[in-house]
Amino acid sequence: MRNLKLLKSLRSSELQGPGSPQCFAVRADTGSLLVASHYSITEYDPRTGQVVTEASLTAEGFLPEDGSGVVVGLQDLAELESACLATAGGDVVLFNLNTCQLECFGSVDSGLTSMSWSPDEELVVLTTGQETIIMMTKDFEPITEVGIHQDDFGEGKFITVGWGKKETQFHGSEGKQAAQRKQTHMYQNPAAVWDDRRPRVTWRGDGQLFAVSAICLQTGARKVRVWNREGVLQATSEPINGLEQALCWKPSGSLIASTQRHPNKHSVVFMEKNGLLHGDFTLPFSKDQSKVKDLLWNSDSTILAVWLEDMSAGEDKQVNTYIQLWMVGNYHWYLKQSLDFGRDSQKAPACVCWDPERPLRLHVMTRSWTSITYDWGYTTERSPGLDAADNANVAVIDGDKILVTTFRQCVVPPPMCSFELQLASPVNQVTFLCQPQRTNQLAALTSDGQISVYSQGGLYNVSLKLLEGICGLLPTSSTILMLRSSQDADDTLTVRSETEVDGVVVSMVHCSQTGTVALQLEDGQIRKLLWDCPKPSVEDWRDSSGCSINFPVPCVQTALCSISGEECLLGLTDRSHLYAGDTELASNISSFAVCNDFLLITTHSHTCRCLQLSMLSVKGLQAALASDGGQNDETLRRVERGSRIVTVVPQDTRVILQMPRGNLETVHHRALLLAQLRKWLDSLRFRDAFECMRKLRINLNFIYDHNPKIFLENIETVITQLNSINHINLFLTELKEEDTTSSMYPRPESSPVQIQPVPGQKKVDVVCDALRSTMESMDPNRFFLPILTAHVKKTVPELEIALQKVHELRVNPPEAPGAVSAEEALKYLLFLVNVNDLYDHSLGTYDFDLVLMVAEKSQKDPKEYLPFLNMLKSLEPNYQRYTIDKHLKRYRKALHHLSKCGEEHFLEALQLVKEQKLYSEALRLYTTDSPHYKALSCAYAQHLVEQQQAEQAGLLLWRCREPAGALQAFASSSSWRNAICVAQQIPLPPDQLALLARDLDCEEAILALITGAVWEEALRLIYMHNRQDITETNLKPALLDAVSTQTAFLEAQVATFTRHRARLAVVREQKEKARLDMLDEDCPDCPDAELYSEASSVMTGSKYSHSNSRISSRSSKNRRKAERKKLSLKEGSPMEDRALMYALGEIITTVDKMREEVHNLLKALVLFQFDKQAEKLQLAYEEALQTMEAAVPEVWPEGLQNSQAPLTGPNTTANSIMASFQQQQRPAASQQGQLNV
């Protein structure tokens, strides 16, 4: 839905010459124009109005001096820095642009009718007067010469297998003779009278094929043939009646454009490379009104220029000339621009061509040698409103119609629209009024200079005939006209004021909020128009600090916005660079739009970003656009490849995107959506927020999570606005504990974090209780179903309460209108809860009417539940409830009811306690002096003994007056004090009391020895006191635990030793390399070089090298502590090698000290026949010793302790290593001091 907007037109009339221009070309490297006339060839720069080079064609004899010569082709050859031209006389001439020399490279006696170079400038095709094609290389070496007119179709001839042939078809009453009748060729009208009958040659964009349109010798009509770059015919067009001379191959390679005159219309038609027609569109002229002189595709194949001329002259004997620019979208061709050159023959175009480098630049050379350069840019004309009164209008130009789509009401895919505006002349530009509440009004500028203004609810046409020359901007300045309605007539616009601008204005943008009007000049400079004053003026655009701000390069789309409170002009270049003033924000932007406080952009990486401008600075915008976005990033969403923003509906969440093929898509961008939801929730518009969230699948928890305090304070408003039982139920069922504002929909950085209004309670419970209590106070009958939902949705569902409410509803049905019945409520409850769970909970209420009601609504078979229910009804109430609770596995409640069932059911209760281990609960249900309490206590004590808690069992038995059992429990747990007390309470005889005391003391000693791993002494006491029972209960398990512990410890020590050993080798290699490097770099007497030894560190130059003087004043203990700190195992530390050697020595010492402990453990293991465990431990210890003994020569080399390095080894400590090192340093220091003296 893009239009073409004229940015500037450069008109230059300084070039003059005899005759008139015949051929035209643009130099891609310099932008200058090459013009060939009847007499000369000229290189001309329209920006400066200067002739760069010129050469006479008549003086060299290439053209006759009487001006009758014709140049049939002109081509700029950038690689040769020359221009090639061909004359009708048959000469092919090369014009050197540096030396201005003309050189003829060949001549054709029969003359030339056209010349066309391939896009890669490697081949040239010439058509001759003898109706032949000559193909040559760029060095003018002939490749082939063939006749234009070929009888053969070409290599691409269609193949048929007979299907559809006339001979195989059914002919009805005509009989078989119709199948044998020969078809006569369709009659073709000859070419038009005005056709110049010259061949037309056009190349495909890749240079592999070219097409030739020529007059057929037999029919006199035009026929198109397609050739490859080897000069071999590929295809011939089907007979096309009324085919005209214009021919142009689309650079992208898909279609060949030409024109065709029908009996009732005039069309531009398209052919494929096989010569078959493929689509067309009708020109807005009657059958014989105009003729097409030429068709021209721009370089990116997006615009087709149609050069037309009236066929009949007017009263002044002059004809009108037009150039129309057409674009296609969604298979519809739109007339976007119409250039009317009037009836003056001198102002009519003589040559037209597109710029090879800039796709939207068109060059025109008139017959009077005036050059005009038009620069267009793509624009989407959208209404700029920011309030809900704006209809989000988008206007699309289509010839003399404006197609308007109101996206607030509906999304209409192009080429359809909401409504059309019909004008008298083709429209060239449309704009909407930038004034609040009136942004639906638009103005249109037509090709004849008329301005028409349309308002909503009816239109009125106020027009102004613009003065000639206003549309064409002068090279150095522009005039800004401010128009207003005439005081004499409402349907006329008059000029209110004129403002001169130093420079060519290419764009103008107005902000309705601030009233600012920003101008952009052709070089990217930004100006501010002070228009709301008696005498309008223009000043530089400046930032808050007063510095002048300009775009680095011109931008084709601009928009005003406010970034962090400062007004800024955004601009998008044709190279996809987005600027905020002079700061580049991003370099991959395909489109952008500013709506309210948001900047929306689409990128070439197929994403759509939505950024809130008030929350970001310019640097923040840069960072946001450069980031890829994280999880749950609301500013980013993926879109289809090539999507562009059409418009954004103000005060809404909709963004309209257009795909490359032309169709539209509506997306609700998450950032816009959440911002709108936050506005609605802050303004207590809960219904609008709910409807939007429900439709767009936003989690409904956001209604509460956005501001819990506001929600809870306005519960009644929420219920009233939702005003729907289903909506309230939907909100309740979606509740969950997650805070969506910190997970799914993060808050903006500037917004405060909302604190839960009820700390310590769960969110779901708070919301359910608040809604339920409010609904019960408002209308419990109407809101009965949501009240049930609130009970069921709580974190611990209140199903019993919900079922009880349903039961009450059944017993006492309400008479209020609109109230639900019990059956409906139960059916709804079954929808929320699993039927089996609901049946169990109803059974847990002990209400059989309720149980039957639930069962009847379920899918259960009555044979399943009726016998069970009948059995329950026959039981005593307490035992009935016990049976129900046991069935539901609610054992505590079951025990509670069973305890009330009398003496005869105590054994059943005791069995339940033992099975479910409900001892504590059971003891609370009976008095301490009852026999039931004593029986439960004995059962509990037996359970505690089984759980190795004999002392607690003894206390329980002692409490319930079972001293014998308590004495046994205390004795087994070695609780000798309690055991002596109970023994005296029994009382025991003195000899038994003495024996008990001796046994208890002996057991304590044996257990202590076992804990300390003194196996032999523990074994001695066991046999001395005849306590072989301790061997099985304590000694053997302790031996196995010791084996596991020692084996794991050895494995850990070996692993650490191996790691330190490998690291030590690496450190030594690095330090040896560093020592050699220092010896190479420094002199042989370098004192630092001696410190690089196999076991030393680089001390000189490190932070430790001057620490001796500080440490010397410390105490001995602190000095040792400081020395140990230097031995750091951190990789890269100065003394890492010494720390590793110290650590290795510690490991060896530790493992060596384990010899006796392992020896005693092995003897005990063998004694009790734990041979496998003993073998495993012995093997592990032996391998550890061998590994460490083998590493000693490597860790401590043989000459190490005799060298200057400090003494290290398995038996050294950190203090001994440091003392040795300091002793080594003192002689060196004293020697250095003597040298200094």
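Residues numbered from 1 in each chain as written. Predicted model: local features only at pLDDT ≥ 70, side-chain atom pairs only at ≥ 80, totals over all residues. Heavy atoms only, no water.

For the protein chain, an unreviewed UniProt entry supplies the name Elongator complex protein 1 and the organism Dicentrarchus labrax. As recorded by UniProt, the Pathway (unreviewed entry) comment attached to the protein chain reads in full: "tRNA modification; 5-methoxycarbonylmethyl-2-thiouridine-tRNA biosynthesis." Taken from UniProt, the Sequence similarities (unreviewed entry) comment for the protein chain reads in full: "Belongs to the ELP1/IKA1 family." (UniProt positions renumbered as here; feature names shortened; annotations may be inferred.)

Visitor: Teacher, can you tell me more about the pattern of salt bridges here?
Guide: If the charged atoms of two oppositely charged side chains come close together, the side chains can form a pair. Taken as a whole, this structure holds 46 salt bridges when the rule is applied. The closest approach of N and O atoms between Glu-1016 and Lys-1163, which form a salt bridge, is 2.8 Å. Placement of Glu-1016 in helix H25 (residues 1015-1024) and of Lys-1163 in helix H30 (residues 1155-1167) is noted, with a sequence separation of 147 residues between them. (Salt bridge = Lys/Arg side-chain N within 4 Å of Asp/Glu carboxyl O. Helix = DSSP H or I, 4+ residues; strand = E, 2+ residues; numbered from the N terminus.)

Visitor: What is the right way to look at the side chain of Thr-647 in this model?
Guide: Inspection of the secondary structure puts Thr-647 in strand E50 (residues 644-648). Taking the relative accessible area as the measure of exposure, Thr-647 reaches 1% and is therefore buried. Aside from chain neighbours lying at most four places away, what touches Thr-647 is Arg-382, Ala-392, Val-394, Phe-407, Val-655 and Ile-656. (Buried < 20%, exposed > 50% of the residue type's maximum accessible area, 1.4 Å probe, protein only. Contact = heavy atoms within 4.5 Å.)

Visitor: Where do I start with the packing of aromatic side chains in this structure?
Guide: Going through the model one piece at a time under the given rule, you end up with 18 aromatic pairs. Summarising the aromatic geometry, the rings of Tyr-704 and Phe-711 are spaced 5.4 Å apart at their centres and angled 85° between planes, so their arrangement reads as edge-to-face. Assigned by exposure class, Tyr-704 and Phe-711 land together as buried. Ring geometry for Phe-711 against Phe-731: centres 5.7 Å apart, planes inclined by 40°, an arrangement best described as tilted. Residue Phe-711 is found in helix H6 (residues 708-713), and its partner Phe-731 is found in helix H8 (residues 725-733); the two are separated by 20 residues along the sequence. The two residues Phe-711 and Phe-731 agree in class, both being buried. Each member of the aromatic cluster is reached from another via a ring pair, and the members are Phe-270, Phe-281, Trp-297, Trp-326 and Trp-333. A cation over a ring is seen here: Lys-336 above Tyr-334, with NZ or CZ 4.5 Å from the ring centre. (Phe/Tyr/Trp six-rings, centres within 6.5 Å; stacked < 30°, edge-to-face > 60°. Lys NZ or Arg CZ within 6 Å of the ring centre and 35° of its normal.)

Visitor: Please clarify how the side chain of Gln-658 should be interpreted in this entry.
Guide: If you trace the backbone, Gln-658 turns up in strand E51 (residues 654-658). Gln-658 sits in the buried class, given a relative accessible area of 13%. Within polar-contact distance, the side chain of Gln-658 engages the backbone oxygen of Gly-662 at 3.0 Å. Those residues in contact with Gln-658 that lie beyond four places of it in its chain are Met-1, Arg-2, Pro-414, Gly-642, Ser-643, Arg-644, Val-646, Asn-663 and Leu-664. (Polar contact = N/O pair within 3.5 Å; in protein donor to acceptor, adjacent residues only side chain to side chain.)

Visitor: Is there a simple way to think about the packing of helix H18 (residues 906-916) against helix H20 (residues 931-946) in this case?
Guide: The geometry of a pair of packed helices is captured by two quantities: the angle between their axes and the separation between those axes. One can describe the packing of H18 onto H20 by two numbers: an axis separation of 11 Å at closest approach and a directional angle of 25°. When the axis of H18 is compared with that of H20, the two are roughly parallel. Remark: the crossing between H18 and H20 carries right-handed chirality. Taking contact as the criterion, the partners of Phe-906, Leu-910, Val-913 and Lys-914 in H18 are, on H20, His-932, Ala-935, Leu-936 and Ala-939. The residue makeup of the contact of H18 with H20, split by class, is six nonpolar, one polar and one charged. (Axes fitted to C-alpha atoms, helices over the stretch in contact; angles between N-to-C directions. Parallel < 35°, antiparallel > 145°, perpendicular 65-115°, else oblique. Left-handed = near helix turned anticlockwise from the far one by under 90°. Nonpolar A, V, L, I, M, F, W, Y, C, P; charged D, E, K, R; others polar.)

Visitor: Sorry, what's going on with unusual backbone geometry here?
Guide: Glycine aside, residues mostly have negative phi angles, and peptide bonds mostly take the trans form. For the bond from Pro-414 to Pro-415, the omega torsion is 10°, close enough to zero to count as cis. In this structure, Pro-415 sits in the loop between strand E31 (401-406) and strand E32 (419-422). Non-glycine residue Ser-576 carries a positive phi angle of around 70°. Turning to its location among the elements, Ser-576 is positioned in the loop between strand E43 (566-572) and strand E44 (578-580).

Visitor: Whenever I open this one, the pairing of strand E39 (residues 517-521) confuses me. Can you help?
Guide: The side chains of a regular strand alternate, first on one face of the sheet and then on the other. Counted residue by residue, E39 has five buried out of five residues, so it is predominantly covered. Across five bridges, the pairing between strand E38 (residues 505-510) and E39 is antiparallel. Each residue of the ladder has a partner; that of Val-509, found in E39, is Ala-518. Following E38, the chain reverses through six residues before pairing antiparallel with E39; Gly-515 in that reversal takes a positive phi of roughly 80°. Where E39 hands over to strand E40 (residues 526-530), the hairpin turn is made up of four residues, of which Gly-524 adopts a positive phi near 95°. (Pairing = 2+ DSSP bridges.)

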